[in-house]
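Results of the structural survey
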Amino acid sequence: MARAPLAERFRGHLDEAGLLAGPGLALLAVSGGPDSMALLDLMSWVAKERQLELLVVHADHGIHAQSAEVARQVRLTAHDSRGIDTVVERLGLGPDASETSARIARYRFFRRVQEARGARWLVTAHHADDQAETVLLRILRGSAPTGLAGIPARGPRGLRRPLLPFRHDELAEHARAAGLP
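Right, let's walk through the structure included here. (Residues numbered from 1 in each chain as written. Predicted model: local features only at pLDDT ≥ 70, side-chain atom pairs only at ≥ 80, totals over all residues. Heavy atoms only, no water.)

1. So, the pairing of strand β1 (residues 24-29)
Counted only if it meets this: A 1.4 Å probe rolled over the protein chains alone gives each residue an accessible area, and that area as a share of the maximum for its type sets the label: buried under 20%, exposed over 50%, partly exposed in between. Only runs of H or I of at least four residues qualify as helices and only runs of E of at least two qualify as strands under DSSP, and these elements are numbered from the N terminus. At least two DSSP bridges between two strands are required for those strands to pair. A crossover gets the label right-handed when its path from the first strand over the helix to the second runs clockwise, viewed with the strands pointing away from the viewer.
Extensive coverage of β1 is indicated by the burial of five of its six residues. Two strands pair when backbone bridges link them, and β1 and strand β2 (residues 52-60) are joined in this way by six bridges, in the parallel orientation. Each residue of the ladder has a partner; that of Gly-24, found in β2, is Leu-52. Between the parallel pair β1 and β2, the chain is carried across by helix α2 (residues 34-46), and the sense of this crossover is right-handed. Bridge count for β1 against strand β4 (residues 121-123) is three bridges, and the pairing is parallel. Across the sheet, Leu-28 pairs through a bridge with Val-123, a residue of β4.

2. Here we look at the nonpolar core
How we decide: Remark: nonpolar core denotes a set of buried residues (Ala, Val, Leu, Ile, Met, Phe, Trp, Tyr, Cys) joined through side-chain atoms within 4.5 Å. Here, two residues are considered to be in contact whenever any of their heavy atoms come within 4.5 Å of each other.
With 31 residues, the main nonpolar core has Phe-10, Leu-20, Leu-28, Met-43, Leu-54, Val-56 and Leu-163 as its most contacted residues. For this core, the secondary structure elements donating two or more residues are α1 (4-17), β1, α2, β2, α3 (67-82), β4 and α6 (168-177). With seven residues, the single largest contributor to this core is α2. In contact with Val-56, other than residues within four places in its own chain, are Leu-28, Val-30, Leu-40, Val-74, Ala-78, Ile-84, Asp-85, Thr-86 and Val-87.

3. Some details on the sheet that holds strand β5 (residues 159-160)
For the record, the criterion: Comment: axis = line fitted to C-alpha atoms, over the contacting stretch for helices; angle = value between 0 and 180 degrees taken between N-to-C directions.
Pairing within the open sheet is parallel, and its five strands lie in the order β3-β2-β1-β4-β5. Each of the sheet's edge strands pairs with one partner strand only, and the pair in question is β3 (86-90) and β5. Across two bridges, β4 lies against β5 in parallel orientation. In the sheet register, Val-123 faces β5, and the bridge partner there is Arg-160. The strands touched by helix α4 (residues 99-117) within the sheet are β1, β2, β3, β4 and β5, with β2 carrying the most contacts at an inclination of about 150°.

4. Section: the packing of aromatic side chains
Test applied: In this scheme Phe, Tyr and Trp rings, the latter by its six-membered ring, pair at centre separations within 6.5 Å, and the angle between planes marks the pair as stacked below 30 degrees, edge-to-face above 60, and tilted otherwise.
Under the definition given, this model contains three aromatic pairs. Taking 6.4 Å as the distance between ring centres and 50° as the angle between the ring planes, the aromatic pair formed by Phe-10 and Phe-166 counts as tilted. In this pair, Phe-10 is assigned in helix α1 and Phe-166 in the loop between β5 and α6, connecting sequence segments 156 residues apart. Take Phe-10 and Phe-166: they sit in the same class, and that class is buried.

Here it is, written out as structure tokens:
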């Protein structure tokens with residue numbers, strides 16, 4: 001299978017970094033883009049062996065005209081292809097919403113679901129390219145050395161970013177090879 005090498009590297013990274021160890025509910029933040037669809041596929045591949053229950057959370061920002069269709073695709077892919085329930089919330093931010101307001105609204109939604117469901121983890125699809133972009137932006141803003149550390153793999157309240165060692169291109173290729181929309 002074409003996706004096995006990345007999947008094996010993903011499993012190895014989880015083991016080496018000690019991410020998502022032990023049983024529990026993991027919320028997967030799936031936007032519908034190739035990175036988060038790869039996350040959905042990879043996490044569904046390792047869930048049983050790690051005793052993880054998965055729940056997909058999708059924030060429909062309402063920014064783009066096709067956002068309802070993306071939400072539908074996420075739900076179909078998670079539920080129909082992998083048997084994973086999905087919680088979708090339409091945030092209705094509109095086309096003028098900023099990235100910052102979208103991120104704040106999205107994380108409020110994720111954390112509400114995490115609390116309501118008693119989820120141990122919130123898993124996002126941040127990857128190596130996001131990491132490089134974050135460090136570059138912080139350099140340009142004149143960040144102190146602490147700010148140059150980049151995105152951590154672990155964040156508060158069970159936030160986990162297991163894709164940080166992987167590049168967008170390889171995640172997109174994985175998603176294509178897995179036949180994901």
